[in-house]
Amino acid sequence: MINEGPYSHQASDTAYQFAKAALAKGHQIHRVFFYNDGVNNATKLTEPPQDDRHIVNRWAKLAEEHGLDLVVCVAAGLRRGLVEENLAPGFRISGLGQLVESGIQADRLVVFGD
Amino acid sequence: MSEQGGEKGGMDLEEETSGVVKKFMFVNRKAPHGTIYALEALEVVLISAAFDQDVSLAFLDDGVYQLAKGQDTKPIEVKNFSPTYRALEGYDIEKLYVERESLEARGLTEDQLIVPVEVMSGEELARRMEEQDVVIGC
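Analysis parameters
- Residues numbered from 1 in each chain as written.
- Chains lettered and ligands numbered in written order.
- Predicted model: local features only at pLDDT ≥ 70, side-chain atom pairs only at ≥ 80, totals over all residues.
- Heavy atoms only, no water.
- 1 Å grid on protein atoms, 1.4 Å probe; cavity = no way out; pocket = protein on both sides within 12 Å on 5 of 7 lines; lining within 4 Å.
- Points joined across faces, edges and corners; volume = space filled by probe spheres on them.
- Helix = DSSP H or I, 4+ residues; strand = E, 2+ residues; numbered from the N terminus.
- Nonpolar A, V, L, I, M, F, W, Y, C, P; charged D, E, K, R; others polar.
- Contact = heavy atoms within 4.5 Å.
- Buried area = accessible area lost by both parts, 1.4 Å probe.
- Salt bridge = Lys/Arg side-chain N within 4 Å of Asp/Glu carboxyl O.
- Axes fitted to C-alpha atoms, helices over the stretch in contact; angles between N-to-C directions.
- Parallel < 35°, antiparallel > 145°, perpendicular 65-115°, else oblique.
- Left-handed = near helix turned anticlockwise from the far one by under 90°.
- Core = buried A, V, L, I, M, F, W, Y, C linked by side-chain atoms within 4.5 Å.
- Buried < 20%, exposed > 50% of the residue type's maximum accessible area, 1.4 Å probe, protein only.
- Pairing = 2+ DSSP bridges.

Engineer: Explain the layout of surface pockets to me, please; I cannot follow it from the model alone.
Structural biologist: Empty space among the atoms can be located by rolling a probe the size of a water molecule over them. All names here are of chain A. For the largest pocket, the calculated volume is near 560 Å³. Together, 22 residues line the largest pocket, and Gln28, Ile29, His30, Arg108 and Val110 are the ones closest to its centre. Counting residues per element, the ones that place at least two in the lining of the largest pocket are helix 1 (11–24), strand 1 (32–34) and helix 4 (97–105). It is helix 1 that provides the largest number of residues to the lining of the largest pocket, a total of four residues. Per-class residue counts for the lining of the largest pocket are 15 nonpolar, four polar and three charged.

Here it is as structure tokens:
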């Protein structure tokens, strides 16, 4: 679960590094759920300076390589103008039930945020 | 508080999660206004009620202000969602834990809270946290 937006907060970077390390150790990631300002990690309008990491594309690439399910909360997204039209590839929009479902099915739920 | 329809999401969700009851604790540490954390945390709590899980809420630090009586949000032009905490009982969410030290540090007493709660020490709250399967802080 990622609760903070990209660049303004470390949460998404840390979550990404954690996810990569977990996958490298052979763990499975049931889902990555974006909530609060975390939904801003999923906008395809993101254009960081060229010498900086591209947080959005980096998630999409990791998802493609490992078949990750990147889910953006619909309600939190609507509040912040994140809709299908500006959703980056590799992400999908769904409900909070997906978060609760992950909590039930996964061995661990890790929260990245303040 | 209103929720968008179809929030539950996930196909075959009932089948995949049926019968599994985990202990979920939502940890509220932030003041009700100033940031959106308290409101959006409450939205997750309400959704979790639909999954028949063992849900509890913990309030500590400035999070205890979320339950303060007599909130008036008109001057700051935001929604006063504090009555929603009173509706939790109707969703069978009745385990509300408040840390005593946080209350005392802010000069609040149990009778100044809008819902019945269980006031406990940080130590006891830590024990409850230890018992959980899932702890969500937001």
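Engineer: Would you mind showing me how to read the interface of chain B and chain A here?
Structural biologist: Accessible area lost on assembly of the parts is the figure often given for the size of an interface. Across the contact, 27 residues belong to chain B and 26 residues belong to chain A. At the boundary of chain B with chain A, total buried surface from both sides reaches about 2200 Å², with 56% on carbon and sulfur atoms. At the junction of chain B and chain A, the tally comes to three salt bridges. The partner of B:Glu43 in a salt bridge is A:Arg79, and the shortest N-O contact between them spans 2.8 Å.

Engineer: Looking at this structure, I do not really get the packing of helix 1 of chain A against helix 2 (residues 55–66) of chain A. What am I missing?
Structural biologist: In a packed pair of helices, the relevant descriptors are the angle between the two axes and the axis-to-axis distance. Residue and element names in this part refer to chain A. Where helix 1 contacts helix 2, the two axes come as close as 11 Å, and the packing angle between them is 20°. Looking at the two axes, helix 1 sits roughly parallel to helix 2. Taken as a pair, helix 1 and helix 2 cross one another with a handedness that is left-handed. Note on element contacts: helix 2 touches helix 1 through Ile55, Arg58, Trp59, Leu62 and His66, opposite Ser12, Asp13, Ala15, Tyr16, Gln17, Ala19, Lys20 and Leu23. Each residue belonging to the contact of helix 1 with helix 2 can be placed in one class, and the counts come to seven nonpolar, three polar and three charged.

Engineer: What's the story with the nonpolar core in this structure? I'm lost.
Structural biologist: A general tendency of soluble globular proteins is for nonpolar side chains to be buried together. Core analysis: the biggest nonpolar cluster contains 68 residues, and A:Trp59, A:Phe91, B:Leu57, B:Tyr85, B:Leu88 and B:Val98 have the highest contact counts within it. Here the element with the most residues in this core is helix 2 (residues 37–48) of chain B; it accounts for eight residues. B:Met25, B:Val27, B:Ala58 and B:Leu60 belong to the second largest nonpolar core, which has seven residues in total.

Engineer: Mind showing me how you'd approach the sheet that holds strand 1 (residues 23–28) of chain B here?
Structural biologist: The pairing of strands in a sheet comes from backbone hydrogen bonds and takes either a parallel or an antiparallel form. Residues and elements named next belong to chain B. Taken together, the five strands give an open sheet; going across it, the order is 4-3-2-1-5, and neighbouring strands pair in parallel fashion. Each end of this open sheet is capped by a strand with a single partner; those strands are strand 4 (118–120) and strand 5 (134–137). Going across the sheet, the axis of each strand differs from the next one's by a mean of 25°, ignoring polarity. Pairing geometry for strand 1 and strand 5, over four bridges, is parallel. When the bridges of strand 5 are listed, Phe24 appears paired with Val134. Packing against the sheet, helix 2 makes contact with strand 1 and strand 2 (54–59), and its axis sits at approximately 165° to strand 1.

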